[in-house]
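Remarks on the overall topology
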Amino acid sequence: MSKNKPTHKTEARSDLRFAIVASRYNEKYVDRLIERVRARLREKKIPASAVTLTRVPGANEIPYVASMLALTGDCDCVIALGVVIAGDTPHHEIIAHATANELQHIAVDTQVPVINGIVVTLNEAQADERVFGEQDRGSEFAESAVEMAMLGNRLADYLEQLDRNDMERERNEEIFGNFSLDDDDDDEGDDFFGSSDNPYHKN
């Protein structure tokens, strides 16, 4: 992970809801991530009742539960937390790639932001630095979750407005038909839908 942290200036809304799904593997590290995520969300005025926590055996089980939580529609963002430390085999690489891909797919498929808070390190010293040290990845994951939750809500509202506009256009066409005129037709009615005479037109 890079040490160059993004700048967050998001002021959270108190009505935002978050779901944390966290591994029990490497528990002392994951417990610290949970603690820092919750602390930063509190600083953002998110009530404790708006943050749920679900524990799973290991990082590999996180995507399944993250997907189910996103599908409930009960949260504005899912925060996936885990710590994977390299051993004598490349198993940590398999877990890192598989979970990262799946979490990304969940976010795209469900339209609910998912924060990949699975920390992957080569040794315990790196894990200590990222979880207990100045890097404080838990706080960073919480900041990202707040920003993405608010952005997701704004985009959802915008898409809903576009849908309403499409429905209004379809309703207009059903009522008035398609008044497309040829160039040599009378100019008097050229822009009926854009004119002030149209009761459905919004200035």
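The paragraphs below set out a description of the structure included in this document.

1. Brief notes about unusual backbone geometry
Although it is not a glycine, N26 adopts a positive phi angle of roughly 55°. Despite not being glycine, K45 shows a phi value in the positive range, around 70°. Inspection of the secondary structure puts K45 in the loop between α1 (27-43) and β2 (51-56). Judged by relative accessible area, K45 falls into the exposed class, the value being 63%.

2. Things to note about the environment of T72
In this structure, T72 sits in helix α2 (residues 62-72). Looking at T72, the relative accessible area reads 44%, which means it is partly exposed. Along the chain, T72 and T110 lie 38 residues apart, while their C-alpha atoms are 9.8 Å from each other. Within the structure, the side chain of T72 is placed 3.2 Å from the backbone nitrogen of D74, a separation counted as a polar contact.

3. Considerations on the pattern of salt bridges
Taken as a whole and assessed by the stated rule, the structure comprises nine salt bridges. Between R55 and D31 there is a salt bridge, with its nearest N and O atoms 3.1 Å apart. Taken together, the residues R55 in strand β2 and D31 in helix α1 connect sequence positions 24 residues apart. For R55, a relative accessible area of 25% translates into the label partly exposed. The exposure class assigned to D31 is partly exposed, which follows from its relative accessible area of 33%. E143 is the partner of R40 in a salt bridge, and the nearest nitrogen-oxygen pair spans 2.7 Å. Placement of the pair is R40 in helix α1 and E143 in helix α5 (residues 137-176), with a sequence separation of 103 residues. Each of the two residues, R40 as well as E143, counts as buried. Connected via shared salt-bridge partners are R40, E43, K44 and E143.

4. Observations regarding the layout of surface pockets
Of the voids in this model, the largest pocket is the one considered here, and its volume is about 410 Å³. Looking at the lining of the largest pocket, the elements that each hand over two or more residues are α3 (91-110), β4 (114-121) and α5. If one sorts the elements of the lining of the largest pocket by residue count, α5 sits on top with seven residues. By residue class, the composition of the lining of the largest pocket is 13 nonpolar, six polar and two charged. Computed from the structure, the second largest pocket encloses a volume of approximately 240 Å³. Lining of the second largest pocket is provided by 14 residues; of these, Y25, N26, V84, H91 and I95 occupy positions nearest its centre. Looking at the lining of the second largest pocket, the elements that each hand over two or more residues are β3 (77-85) and α3. Looking at the lining of the second largest pocket residue by residue, the classes come out as seven nonpolar, six polar and one charged.

What counts, and where the lines are drawn
Residues numbered from 1 in each chain as written. Predicted model: local features only at pLDDT ≥ 70, side-chain atom pairs only at ≥ 80, totals over all residues. Heavy atoms only, no water. Helix = DSSP H or I, 4+ residues; strand = E, 2+ residues; numbered from the N terminus. Buried < 20%, exposed > 50% of the residue type's maximum accessible area, 1.4 Å probe, protein only. Polar contact = N/O pair within 3.5 Å; in protein donor to acceptor, adjacent residues only side chain to side chain. Salt bridge = Lys/Arg side-chain N within 4 Å of Asp/Glu carboxyl O. 1 Å grid on protein atoms, 1.4 Å probe; cavity = no way out; pocket = protein on both sides within 12 Å on 5 of 7 lines; lining within 4 Å. Points joined across faces, edges and corners; volume = space filled by probe spheres on them. Nonpolar A, V, L, I, M, F, W, Y, C, P; charged D, E, K, R; others polar.

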